[in-house]
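Here is what each chain is made of, one letter per residue.
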Amino acid sequence: MDEFVVTALLAGIALALVAAPLGCVVVWRRMAYFGDTLAHAALLGVALSIAMQMLPIIGVTLIGITLASLLYLLEQQRDLSTDTLLGILSHTALAIGLVVVSVLQANGQVINLMAYLFGDILAIDKTELWWMYAGVVLILAVYYRLWSSLVSISVNEELARIDGVKVDRDKFIFMLLLAMVIAVAINVVGILLVTALLIIPAASARLFVHSPQQMVFISIVFAIVAVTGGLFSSLQWDIPAGPSIVVMASLLFFASRLLRISRD
Amino acid sequence: MSTFLLQAEHINFSRKGKTILHDVSIQIAEQEIITLIGPNGAGKTSLIRILLGLLKADSGRIQPQKKLRIGYVPQKIVIPQVMPLRVYDFLTLSARVLFGSNKLSDEHVHAALKELDIDYLYAAAMQGLSGGEVQRVLLARALLKQPKLLILDEPAAGMDVIGQQTLYKTIQMIRQQHHCSILMVSHDLHLVMAATDKVICLNTHVCCTGHPDDVSEHPEYIKLFGSALDGLALYSHHHDHEHDIHGNVIESEHCLSCEYNNGEKIVHSHRPVNSEIKTAIVHQHQQQHEDDHG
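Only a predicted model underlies this, so the values are computations on that prediction, with no experimental measurement involved. (Residues numbered from 1 in each chain as written. Chains lettered and ligands numbered in written order. Predicted model: local features only at pLDDT ≥ 70, side-chain atom pairs only at ≥ 80, totals over all residues. Heavy atoms only, no water.)

**Considering the overall build of chain B**
Stage number 1. Counting its secondary structure elements, chain B contains 9 helices and 9 strands.
Stage number 2. Taking the contacts inside chain B whose residues are at least 6 apart along the sequence as the reference set, 70% of them involve residues at least 24 apart.
Stage number 3. As displayed, chain B has an accessible area near 14,200 Å², and 50% of this comes from carbon and sulfur atoms. (Helix = DSSP H or I, 4+ residues; strand = E, 2+ residues; numbered from the N terminus. Contact = heavy atoms within 4.5 Å. Areas by Shrake-Rupley, 256 points an atom, 1.4 Å probe, with all protein chains shown as cover.)

The following block contains the structure:
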């Protein structure tokens with residue numbers, strides 16, 4: 001196998017290792033749209049990082065914090081529902097991101113917009129791979145520490161609070177983790193398809209599991225299968241890797257649905 | 001001072017300009033069963049949520065005993081379908097949060113389930129349980145925390161008479177086995193009285209408080225629940241001797257000015273056995289039915 005294929009595969013697996021576990025919580029807590037918004041805003045984060053010459057992950061995380069705070073403030077007014085607010089924030093952030101990118105390009109920066117939107121897994125180099133795995137280790141370590149409280153919060157926020165879970169703090173930390181996952185995912189599937197890798201493996205796993213832990217493990221397996229299958233079909237048929245990874249994940253999802261129908 | 005598990009003093013709470021709790025003070029002593037009654041909108045739930053720390057009172061003081069562990073049983077719980085969760089997972093969850101990573105042993109979980117006669121639910125999915133089963137699971141979950149105080153929100157809501165009787169027996173059992181105090185919210189008057197040491201009658205302010213027998217004769221109480229009492233008061237107390245209206249009841253200025261309007265209606269002489277209770281309720285239901293349909 002060519003070295004760039006190995007690197008790409010390892011990068012894909014890195015994403016699968018974090019996207020699936022966090023995706024389970026996203027699915028439990030109905031945060032899919034929030035994940036999408038965070039992903040769209042990530043383009044702005046990347047653009048700002050390029051402009052200010054810092055690591056993309058920092059820009060993406062900072063934008064994530066800004067977005068979550070803004071959402072929190074807007075939600076206090078109560079006359080607009082969360083999905084409306086997210087729809088507004090999501091597209092506002094994406095539009096500003098596109099504007100900033102074009103301004104940067106006009107000023108002579110070379111930015112491959114398509115790579116950010118749809119990922120460019122084959123272009124990932126060794127250094128980036130190391131950064132990705134550093135991110136994965138950090139994300140999983142925090143996730144492991146937070147596991148009990150994340151499950152408690154997903155089951156019932158009020159009971160979690162009474163049990164002494166630091167609900168607001170842990171929700172905030174989870175949001176940071178999500179922003180970091182998106183930063184990891186940008187190179188692999190791009191910001192427009194990140195949410196797919198968060199929620200599709202988790203949703204596919206639901207049918208086969210009876211406990212939260214099982215759901216996390218099975219969804220990781222599904223995510224790795226999707227990444228691997230998508231990458232190799234991309235090489236085989238010369239189609240873009242990011243979208244084919246997502247298509248592969250979707251195939252698994254619909255297969256699991258068919259299985260469900262045949263079971264009933 | 002230290003004999004109280006939890007003291008709330010002069011709690012005021014309002015929302016959107018509406019006073020929900022006005023100068024409410026309550027004390028919960030060790031191994032005491034207290035029932036909080038009051039009409040809808042009386043502030044029962046708000047008070048409970050303030051005691052649990054879920055809401056912040058506008059003014060007043062909450063003083064829990066040091067390291068007071070509170071078990072809470074909500075009226076109902078909705079767990080998202082997408083969340084795979086067995087009874088076992090649900091029960092160990094709070095314990096894991098509380099006691100760190102060394103989770104409870106299976107024996108503890110089994111013992112708690114057995115105590116409530118739901119051992120067979122160990123590996124059942126939470127979403128598939130009936131209302132009564134969910135409540136027992138919630139109770140088991142609260143008990144696994146080894147609480148000093150157990151707070152139950154409307155435990156009898158939606159239960160039939162048999163279910164309620166079993167529930168109150170369970171509550172007595174819990175106090176004896178676990179040596180904990182119990183605070184219940186209820187607007188079911190009938191069976192509450194039998195299982196309680198102290199009744200607090202709440203209607204924004206504390207109308208009256210005391211032993212069930214005393215409270216049931218308190219004018220404020222009768223004013224609030226007068227019509228409901230007509231059919232049901234017959235088994236709520238003894239009344240074969242002369243009574244001081246206020247008895248041991250803690251007097252509030254409001255209460256002193258009340259009329260003792262429904263007085264005669266509650267004069268009855270004995271506590272009937274269970275079958276009579278059922279008959280009485282069935283009878284009342286039938287009557288209502290007939291009234292409704294002419």
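After presenting the structure, the write-up continues.
**Let's talk about the sheet that holds strand S3 (residues 33-37) of chain B**
Residues and elements named next belong to chain B.
Stage number 1. What the 6 strands build is an open sheet, ordered S5-S6-S7-S3-S8-S9; its pairing is mixed. Sheet topology places strand S5 (70-73) and strand S9 (205-210) at the edges, where each strand pairs with a single neighbour. Neighbour-to-neighbour, the strand axes of this sheet turn through a mean angle of 15 degrees, independent of strand direction.
Stage number 2. Of the pairings in the sheet, the one linking S3 to strand S8 (residues 198-203) comprises 4 bridges and is parallel in character. Directly across from Leu36, in S8, lies its bridge partner Ile200.
Stage number 3. Against the sheet, helix H5 (residues 161-178) contacts S3, strand S6 (149-153) and strand S7 (181-185), and its axis sits at roughly 155 degrees relative to S7. (Pairing = 2+ DSSP bridges. Axes fitted to C-alpha atoms, helices over the stretch in contact; angles between N-to-C directions.)

**Topic: the environment of Ala125 of chain B**
All names here are of chain B.
Stage number 1. Within the element layout of this structure, Ala125 appears in the loop between helix H3 (106-115) and helix H4 (131-144).
Stage number 2. Judged by relative accessible area, which is 43%, Ala125 ranks as partly exposed.
Stage number 3. It is 7.4 Å that separates the C-alpha atoms of Ala125 and Pro84, two residues lying 41 residues apart in sequence. (Buried < 20%, exposed > 50% of the residue type's maximum accessible area, 1.4 Å probe, protein only.)

**As for the side chain of Thr170 of chain B**
Stage number 1. Residue position: Thr170 of chain B is located in helix H5.
Stage number 2. Thr170 of chain B has contacts with Leu116, Arg136 and Leu139 of chain B, leaving out every residue within four places of it along the chain.

**Remarks on the pattern of salt bridges**
Stage number 1. Considering all chains together, one arrives at 14 salt bridges over all chains under this definition.
Stage number 2. We note a salt bridge from Asp119 of chain B to Lys114 of chain B, for which the minimum N-O separation is 3.8 Å.
Stage number 3. The exposure class of Asp119 of chain B is partly exposed, given its relative accessible area of 24%.
Stage number 4. One salt-bridge network, in which partners are shared between bridges, spans Glu157, Arg161, Asp168 and Lys171 of chain A. (Salt bridge = Lys/Arg side-chain N within 4 Å of Asp/Glu carboxyl O.)

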